[in-house]
Amino acid sequence: MIDDVDDLLDRIAAGTLEEEAELRVYADQLILRGDPLGELIVVAGDRVRRDTPELARREGALIAEHDAALNRALGRPRTTYRWRRGFVDAITFHHTGDEQLERSLPALAGRRETRLLRRIEVHTVAIDGRGDLGPWFASLARFAPHFPRLGEIVIREDPNAGNPWLVDSPVALHDVSPL
């Protein structure tokens, strides 16, 4: 048994290992520790080699469980995830209120299944009630080392469709240079 599975995941995320073989070793170590992410990684890898209806159903069920667990951990039920090889490849935050989006980043950064995250998308009308993404970008800059493969950040400003509770102003990005 490998002593530090998180170190193995760090090396996979950094691209210093042969990814497919090491992902299987990593998954096996998680399974030995009773971590359900291990099974998802194995099933997703098996689907790459041989896509069967049974594997597709099992992967779908496992992803649904992990989606629900992520939403609980982040406190964000309107967040969607795209999975690849047992890991979250992309995350979309649907944000239309005064909640502080940046509060979800510490929980996201602490999760194994988001370590290989490549894309974050924010669909927004108003952040902080003012259309201000500055605090979110500052928080993302602090937690960026947890996402070594993050290469895409997409901001989509959705129309408020006349909702009087949403601020009808442009979303302010502020300084993104820390990223």
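Structure's up top.
For the structure given in this document, a descriptive report is provided here. Bear in mind the structure is a predicted one, so any value in this text is a computation, not a measurement. Residue positions are counted from 1 within each chain, in the order its sequence is given. Per-residue local features are limited, in this predicted model, to residues with pLDDT of at least 70; the limit for side-chain atom pairs, both in listing and counting, is 80 or more; totals at the level of whole chains, interfaces and linings are taken over all residues. The basis for every side-chain value is the complete set of heavy atoms in the structure, and neither hydrogens nor water enter the calculation.

### Examining the packing of helix α1 (residues 5–13) against helix α2 (residues 19–32)
- Axis lines are fitted through C-alpha atoms, for helices just across the contact stretch, and the angle between N-to-C directions can take any value from 0 to 180 degrees. Counting from the N terminus, the helices are the DSSP runs of H or I reaching at least four residues and the strands are the DSSP runs of E reaching at least two. Following both chains from N to C, one finds α1 and α2 inclined at 160°, their axes separated by 10 Å at the closest point. As far as their axial angle goes, α2 and α1 are roughly antiparallel. Here α1 and α2 pass one another in a crossing that is left-handed. Contacts between α1 and α2 pair V5, D6, L8, L9 and I12 from the former with E19, E22, L23, V25, Y26, Q29 and L30 from the latter. In this scheme, roughly parallel covers angles under 35 degrees and roughly antiparallel covers those over 145, while 65 to 115 is roughly perpendicular and the rest are oblique. With the far helix as reference, a near helix turned anticlockwise by less than a right angle produces a left-handed crossing, and one turned clockwise produces a right-handed crossing. By the convention used here, residues are in contact when the closest approach between their heavy atoms is within 4.5 Å.

### Digging into the sheet that holds strand β2 (residues 87–95)
- Pairing between strands is defined by DSSP: at least two bridges between them are needed. Spatially, four strands are ordered β1-β2-β3-β4 in an open sheet, and the strand pairing comes out mixed. On the outer flanks of this sheet lie β1 (79–84) and β4 (152–157), each paired with one strand and no other. Adjacent strand axes in the sheet meet at a mean angle of 15° when their direction is disregarded.
- One ladder, built from six bridges, connects strand β3 (residues 119–124) with β4; its direction is parallel.

### Quick look at the side chain of D89
- Summarising the element assignment, D89 is placed in strand β2.
- On the basis of relative accessibility, which here comes to 5%, the residue D89 falls in the buried class.
- In this structure, D89 is in contact with R82, W83, R84, L117, R118 and R119, ignoring residues within four places of it in sequence. Think of it in three bands: with a 1.4 Å probe and only protein chains considered, a residue is buried below 20% of the maximum accessible area for its type, exposed above 50%, and partly exposed in between.

### A closer look at the nonpolar core
- Ranked by internal contacts, the top residues of the largest apolar core, which has 39 residues, are Y26, I41, F87, I91, I120 and W136.
- Residues contacting F87, with those up to four places away along its chain left out, are L9, L23, Y26, L37, I41, R82, R112, E113 and L116. Grouping buried Ala, Val, Leu, Ile, Met, Phe, Trp, Tyr and Cys residues that are joined through side-chain atoms within 4.5 Å yields what is termed a nonpolar core.

### Examining the packing of helix α3 (residues 37–49) against helix α4 (residues 53–74)
- Running from N to C, α3 and α4 point in directions that differ by 145°, and their axes come no closer than 9 Å. The interaxial crossing formed by α3 with α4 has left-handed handedness. Where α3 abuts α4, its residues L37, E39, L40, V43, A44, D46 and R47 lie against L55, A56, R58, E59, L62, I63 and H66.
- All residues other than Ala, Val, Leu, Ile, Met, Phe, Trp, Tyr, Cys, Pro, Asp, Glu, Lys and Arg, Gly among them, are scored as polar; the first ten of these are nonpolar and the last four charged. The residue inventory of the contact of α3 with α4, partitioned by class, reads eight nonpolar, one polar and five charged.

### Regarding the pairing of β1
- Side chains of β1 alternate between two faces, with T79, Y81 and W83 buried and T80, R82 and R84 left unburied.
- Judged from the six bridges that link them, β1 and β2 form a sheet pairing that is antiparallel. Following the sheet pairing, W83 is matched in β2 by V88.
- Remark: two residues form the turn of the hairpin made by β1 and β2, two consecutive strands paired antiparallel; R85 in that turn has positive phi of roughly 55°.

### A look at helix α6 (residues 134–143)
- G134, W136, F137, S139, L140 and F143 are the residues of α6 that are buried.
- Considering only its buried residues, α6 is in contact with α5 (104–109), β3 and β4.

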